[in-house]
Amino acid sequence: MKEITGGVCAAKGYKAAGIRCGIRKNQTKKDLALIVSEQRAAAAAVYTCNLVKSAPIKVTKANLADGYAQAVICNSGIANTCRAEGVEMAERMCALVETACGIPASDVIVGSTGVIGAPLPIEIIEAGMPALTAALGEDNSADAEAAIMTTDTVPKEYAVEFSVDGVPCRMGGIAKGSGMIHPNMATMLVFITCDAAVSPEMIRKSLSDNVKTTFNMVSVDGDTSTNDMVSVMCNGTAGNAPITGPGAGYDAFDEALRAVMTGLCKMIAADGEGASKFLECTVSGADTYEDAALAAKSVICSSLFKAAMFGADANWGRALCAIGYSGAKVDVERVDMTFRSAAGEILVCRNGAGVDFSEDLAKTILSEKEIYIDISVGDGPHSATAWGCDLTYEYVHINGDYRS
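Undergrad: What is the right way to look at helix 4 (residues 141-148) in this model?
TA: Note: α-helices contain 3.6 residues per turn, so residues at a spacing of three or four share the same orientation. Listed in full, the buried residues belonging to helix 4 are Ser141, Ala144, Glu145, Ala147 and Ile148. End-on view of helix 4: buried residues confined to an arc of 160°, all on one side of the axis.

Encoded structure:
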């Protein structure tokens, strides 16, 4: 398996487009995206656990009930959430794809992101459909990505090439996510395409398994969004023997999906609203994966620890405190902790107690853009990694006037 370029257009048989049709107040940003497969694809998705769910999620769930889809349409600027007419608007977006592309509305994945409670201007979307479909191209993943971004500051694309029984296959995805990011699935929008032939059941299994160790291990601000999903389409154009059960083919697909999801979730963490630093916390030596995951996520989610990382302050006690209230079954008197970055590494805690270390060296290490927190909690066989970012003044500034 190797990393390649191309995003959602890396796989065979997909085209994408992204345009500015005028949904957003910012008239310089693209706000409507379309991804189309040349043939009907097996598909699956996972969704936010927030009880307040967007209308697009409800419509997408219904459309994917049979395990197939052929297109994705997504707007930014307006969330289409908490509106009485929301489902009708989401269904109309799917119908617009049917009219423009000849793809049944029931085979469309629909997404929206932006301000909650505002009306979706469906007439503007309808007016933009001719330009959107005319822009469809095999190299336009970046345009589709730009159209789904809200407070994101950088695009998020990741793709890999892998082999199934000797047949080359490709998979790629785009993501948006910067704020309202917290590990409770899904808390972002992610669209993944693949040209391998895989049954809906096996896509669903791989997606459900891998989301636990990737997107569910990301946190920016502790807020679980109302709109977000991760969807996967596999159109089979690579020509491999269909993957319908466990085996070497499924393992290769599963590894590729995990790689794409991990790559995208790291990008989301690094681009957290107002963030100046990317944080990765790995907890090892736990008796169970659940304990390791609870501890790692708790450290990444701690506002006090995130603020310390912003200030390049080696306040390791805040991380140990977060482990203590995480609910993880660990012996805190066996905790070792090391901070590392491109500038070096430094041990700050051994057996649950502080050790002498150079504050100057620690500050130098924590002044880098990427910070790694390595924590050992014993000699158990399980480990887990969580991703996040620091907490800065800019986060408050962004969310203090988001609607404007």
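Picking up after the structure, the text goes on.
Undergrad: Explanation requested: the pattern of salt bridges in the structure shown.
TA: Close approach of charged atoms allows side chains with opposite charge to pair. Inspection of every chain in the model, using the stated rule, returns 12 salt bridges. Linked by salt bridges that have partners in common, Lys2, Glu161 and Arg170 make up one network.

Undergrad: Explanation requested: the sheet that holds strand 12 (residues 344-350) in the structure shown.
TA: The pairing of strands in a sheet comes from backbone hydrogen bonds and takes either a parallel or an antiparallel form. Strand order in the open sheet formed by 6 strands is 13-12-11-14-10-15, with mixed pairing between adjacent strands. Unpaired on one side and paired on the other, strand 13 (353-354) and strand 15 (382-389) mark the two borders of the sheet. Bridge analysis of strand 11 (residues 336-341) against strand 14 (residues 370-376) gives 5 bridges, and the strand direction is antiparallel. In the sheet register, arginine 340 faces strand 14, and the bridge partner there is tyrosine 372.

Undergrad: Explanation requested: the nonpolar core in the structure shown.
TA: It is characteristic of soluble globular proteins that their nonpolar side chains tend to be buried jointly. Counting 80 residues, the largest nonpolar core has Phe162, Met171, Phe215, Phe253, Met337, Phe339 and Ile375 as its most contacted members. Examining the composition of this core, we find that 12 residues originate from one element, helix 6 (residues 248-270), more than from any other.

Undergrad: I would appreciate a short explanation of the packing of helix 2 (residues 86-101) against helix 3 (residues 122-134) in the present structure.
TA: In helix packing, the relevant descriptors are the interaxial angle and the interaxial distance, both defined with respect to the helix axes. In contact at an axis separation of 10 Å, helix 2 and helix 3 are set at 25° when each is read in the N-to-C sense. It follows from the interaxial angle that helix 2 and helix 3 lie roughly parallel. Handedness of the crossing formed by helix 2 with helix 3: right-handed. For the pair formed by helix 2 and helix 3, the contact residues are Met89, Arg92, Met93, Leu96, Val97, Ala100 and Cys101 on the first element and Ile122, Ile125, Glu126, Met129 and Thr133 on the second. Classifying every residue of the contact of helix 2 with helix 3 gives 9 nonpolar, 1 polar and 2 charged.

Undergrad: Help me understand the packing of helix 1 (residues 55-63) against helix 2, please; the structure alone is not making it clear to me.
TA: Taken N-terminus to C-terminus, the directions of helix 1 and helix 2 make an angle of 55°; their axes are 8 Å apart at the nearest point. With respect to helix 2, the axis of helix 1 lies oblique. The interaxial crossing formed by helix 1 with helix 2 has right-handed handedness. On helix 2, the residues that touch Ala55, Pro56, Lys58, Val59 and Asn63 of helix 1 are Gly86, Val87, Ala90, Glu91 and Cys94. Residue composition of the contact of helix 1 with helix 2, by class: 6 nonpolar, 2 polar and 2 charged.

Undergrad: Looking at this structure, I do not really get helix 10 (residues 359-366). What am I missing?
TA: Those residues of helix 10 that fall on the buried side of the exposure criterion are Ala362, Ile365 and Leu366. Within helix 10, the buried residues cover an arc of 90° as seen down the axis, which keeps them to one side. On its buried face, helix 10 is in contact with helix 8 (303-310), strand 11, strand 12 and strand 14.

Undergrad: Help me understand the environment of proline 168 in this model?
TA: Tracing the backbone shows proline 168 in strand 7 (residues 167-176). Along the chain, proline 168 and alanine 44 lie 124 residues apart, while their C-alpha atoms are 22 Å from each other. Discounting residues that sit within four places of it in the chain, proline 168 has contacts with Phe162 and Ala238.

Quick notes on the rules
- Per chain, residues are indexed from 1 in the order of the written sequence.
- The predicted nature of this model means local features are confined to residues of pLDDT at least 70 and side-chain atom pairs, given and counted, to a pLDDT of 80 or more, with totals for whole chains, interfaces and linings taken over all residues.
- Excluded from the side-chain calculation are hydrogens and water; included are all heavy atoms of the structure.
- A 1.4 Å probe rolled over the protein chains alone gives each residue an accessible area, and that area as a share of the maximum for its type sets the label: buried under 20%, exposed over 50%, partly exposed in between.
- Where helices and strands are cited, they refer to DSSP runs of H or I of at least four residues and of E of at least two residues respectively, numbered from the N terminus.
- The directions considered for the arc run from the helix axis to the C-beta atoms.
- Each reported salt bridge corresponds to a side-chain nitrogen of Lys or Arg within 4 Å of a carboxyl oxygen of Asp or Glu.
- Strands are labelled as partners when DSSP assigns at least two bridges between them.
- Throughout, nonpolar core names a set of buried Ala, Val, Leu, Ile, Met, Phe, Trp, Tyr and Cys residues whose side chains join them through atoms within 4.5 Å.
- Axis lines are fitted to C-alpha atoms, over the contacting stretch for helices. Their N-to-C directions set the angle, which ranges from 0 to 180 degrees.
- Between 65 and 115 degrees an angle is taken as roughly perpendicular, under 35 as roughly parallel, over 145 as roughly antiparallel, and anywhere else as oblique.
- In this scheme the handedness of a crossing depends on how the near helix is turned from the far one: anticlockwise by less than a right angle means left-handed, clockwise means right-handed.
- Every residue pair with non-hydrogen atoms within 4.5 Å of one another is taken to be in contact.
- Under the scheme applied here, ten amino acids are nonpolar (Ala, Val, Leu, Ile, Met, Phe, Trp, Tyr, Cys and Pro), four are charged (Asp, Glu, Lys and Arg), and all others, including Gly, are polar.

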